[in-house]
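# Report on the structure
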Amino acid sequence: MSAASTLDLTAAARDLDAAPASEILRWAVGVLAPGRLALISAFGPGTAVLIDLLAPIAPDLPVIFVDTLHHFPETLEHAERVRARYGLNLQVYRPAANREEFERLYGPRLWERDLDRYQRVAKVEPFQRATAGLDGWITGRRRDQSEARHALPVVEDGERIRINPLARWTRADVWRYIVENDLPYNPLHDRGYPSVGDQPLTSPVGEGEEERAGRWRGETRTECGIHSLYS
């Protein structure tokens, strides 16, 4: 029986909504069995905060990173810096052994020919493999990131549990924590990329645009698909 079937997640979401992020993390680590919980990270600002908060709570908690083989070089270099700084239990999942193998399987520039298929094979399918043995995972999502996330609960019910300890935080809250605690961050954030995804599908964001406006620009898509699984 999974944790999702035995916990009163509605009550947890209500009781933890105003709790500090560290308390939410302690709750998640305490209620989900060892080996059944992980942090999902694309090494953005939010998970920088969560990795730092988890260090004294659960330093060995698995950190899952889906390397789509299409990340910016800066993202991969940053991920390695964070792994080394915290001694992360980093688990990397890829859609193929390397970029050349990916293109042999799916052809060049798949995102231009079939964006939905690209997202499925590059990100969603590796993510499903990564989370197959979990009852739930922790994300760095926030309500202020986009209109689609404005009602995001702290504890999200479904076939799997999603814990969003930073749901109530703002972008300013996240960056205040990063600066005050001297955390490493992706240098692309200083170059007009507040949200960083795959290099071919991420563009700089202009003044007044939403934080995630540079993701899939010109497309109706607002999410990669992994956060709608198991809902």
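First things first, this report covers the structure right here in the doc. Since the structure is predicted, the reported quantities are computational estimates derived from the model, not experimental observations. (Residues numbered from 1 in each chain as written. Predicted model: local features only at pLDDT ≥ 70, side-chain atom pairs only at ≥ 80, totals over all residues. Heavy atoms only, no water.)

## Points about the overall build of the protein
What counts is decided by this rule: Strands are runs of DSSP state E lasting at least 2 residues, helices are runs of H or I lasting at least 4, and numbering of each runs from the N terminus. Both definitions apply: the radius of gyration is a C-alpha atom measure, and the globule rule equals 2.2 Å times residues to the power 0.38. Under the scheme applied here, a residue whose accessible area is under 20% of the maximum for its type counts as buried, over 50% as exposed, and between as partly exposed, the area being computed with a 1.4 Å probe on protein chains only. In what follows, a contact means two residues having at least one pair of non-hydrogen atoms within 4.5 Å. Each accessible area is a Shrake-Rupley result for a 1.4 Å probe, and residues are judged covered by the shown protein chains and nothing else.
Within the protein one finds nine helices and six strands. By the compact-globule yardstick of 17 Å for 231 residues, the protein fits well, its C-alpha radius of gyration being 17 Å. Per-residue burial for the protein yields a buried fraction of 53% across its 231 residues. A fraction of 70% describes how many contacts in the protein between residues 6 or more apart in sequence connect residues 24 or more apart. On the protein, roughly 10,900 Å² of surface is accessible, and the fraction owed to carbon and sulfur atoms is 48%.

## Looking at the pairing of strand 3 (residues 89-93)
Test applied: For two strands to pair, DSSP has to find at least two bridges joining them. Note on handedness: a crossover is taken as right-handed if, strands pointing away from the viewer, the path from the first strand over the helix to the second is clockwise.
Where strand 2 (residues 62-66) meets strand 3, five bridges bridge the pair, whose relative direction is parallel. Residue pairing across strands places Val66 opposite Tyr93, the latter belonging to strand 3. Handedness of the β-α-β unit built from strand 2, helix 5 (residues 73-86) and strand 3 comes out right-handed.

## Here we look at the pattern of salt bridges
This is how it is decided: Salt bridge, as used here: a side-chain nitrogen of Lys or Arg that lies within 4 Å of a carboxyl oxygen of Asp or Glu.
Applying the stated criterion across every chain yields a total of 14 salt bridges. The shortest N-O distance in the salt bridge between Glu103 and Arg99 comes to 3.5 Å. Residue Glu103 and its partner Arg99 are both found in helix 6 (residues 99-106); the two are separated by four residues, about one turn of the helix. Note on Arg99: relative accessible area 32%, which makes it partly exposed. A salt bridge links Arg141 to Glu156, with the shortest nitrogen-to-oxygen separation between them at 2.6 Å. Within this pair, whereas Arg141 is found in the loop between strand 4 (136-138) and strand 5 (155-156), its partner Glu156 is found in strand 5, the two being separated by 15 residues in sequence. You'll find Arg141 and Glu156 in the same group, each marked buried. Each member of the salt-bridge network shares a partner with another, and the members are Arg142, Asp144 and Glu211.

## Concerning the packing of helix 3 (residues 21-31) against helix 4 (residues 45-54)
Stated formally: Orientation is described by lines fitted to C-alpha atoms, with helices fitted over the stretch in contact, and by angles between N-to-C directions that extend from 0 to 180 degrees. In what follows, roughly perpendicular refers to angles from 65 to 115 degrees, roughly parallel to angles under 35, roughly antiparallel to angles over 145, and oblique to any angle outside these ranges. Each helix crossing is assigned a hand: it is left-handed if the near helix lies turned anticlockwise from the far helix by less than a right angle, otherwise right-handed if that turn is clockwise. Classes in brief: Ala, Val, Leu, Ile, Met, Phe, Trp, Tyr, Cys and Pro nonpolar; Asp, Glu, Lys and Arg charged; the others, Gly included, polar.
Helix 4 packs onto helix 3 with a crossing angle of 65 degrees between their chain directions and a minimal axis gap of 10 Å. Here helix 4 runs roughly perpendicular to helix 3, going by the angle between their axes. Every pair of crossing elements has a handedness; the one defined by helix 3 and helix 4 is right-handed. Facing Ala21, Leu25 and Val29 of helix 3, the residues of helix 4 in contact are Leu50, Leu53 and Leu54. Of the residues in the contact of helix 3 with helix 4, the class split is six nonpolar, no polar and no charged.

## Re helix 4
Burial analysis of helix 4 places ten of its ten residues in the buried class, the great majority of the element. Those residues of helix 4 lying buried are Pro45, Gly46, Thr47, Ala48, Val49, Leu50, Ile51, Asp52, Leu53 and Leu54. Where helix 4 is buried, its residues meet helix 3, strand 1 (37-40), helix 5, strand 4 and helix 9 (171-180).

## Digging into the sheet that holds strand 5
Strand order in this open sheet of six strands is 3-2-1-4-6-5, and the pairing throughout is mixed. Of all strands in the sheet, those with a lone pairing partner are strand 3 and strand 5, marking the two edges. Those strands touched by helix 3 are strand 1, strand 4, strand 5 and strand 6 (161-163), and its axis lies near 155 degrees from that of strand 6. Packed onto the sheet, helix 8 (residues 115-131) meets strand 1, strand 2, strand 3 and strand 4 and runs at close to 160 degrees relative to strand 2.

## As for the packing of aromatic side chains
Heads up, the rule is: Under the pairing criterion, centres of Phe, Tyr and Trp rings, with the six-membered ring standing for Trp, must be within 6.5 Å; the plane angle then separates stacked pairs below 30 degrees from edge-to-face pairs above 60, leaving the rest tilted.
Summed over all chains, the structure comprises eight aromatic pairs. For the ring pair Phe43 and Phe65, a centre distance of 5.3 Å and an interplane angle of 80 degrees mean the geometry is edge-to-face. A residue pair is termed long-range when its members are at least 10 positions apart, and Phe43 in the loop between strand 1 and helix 4 and Phe65 in strand 2 qualify at 22 residues. Exposure class is identical for Phe43 and Phe65. Each is buried.

## Focus on the nonpolar core
Stated formally: Buried Ala, Val, Leu, Ile, Met, Phe, Trp, Tyr and Cys residues that are joined via side-chain atoms within 4.5 Å together make up what is termed a nonpolar core.
Ranked by internal contacts, the top residues of the largest apolar core, which has 40 residues, are Leu39, Phe43, Val49, Ile138, Val155 and Ile163. Of all elements in the fold, only helix 2 (9-16), helix 3, strand 1, helix 4, strand 2, helix 5, strand 6 and helix 9 reach the threshold of two or more residues within this core. At six residues, the largest contribution of residues to this core is made by helix 4.

## Side note on unusual backbone geometry
Glycine aside, negative phi is the norm for most residues, and most peptide bonds take the trans geometry. Here Leu69, not a glycine, exhibits a phi torsion of approximately 75 degrees, which is positive. Here Leu69 lies in the loop between strand 2 and helix 5. Even without a glycine there, the phi angle at Arg109 is positive, about 50 degrees. Structurally, Arg109 can be placed in the loop between helix 6 and helix 7 (110-113). Here Arg109 falls in the partly exposed class, since its relative accessible area comes to 44%.

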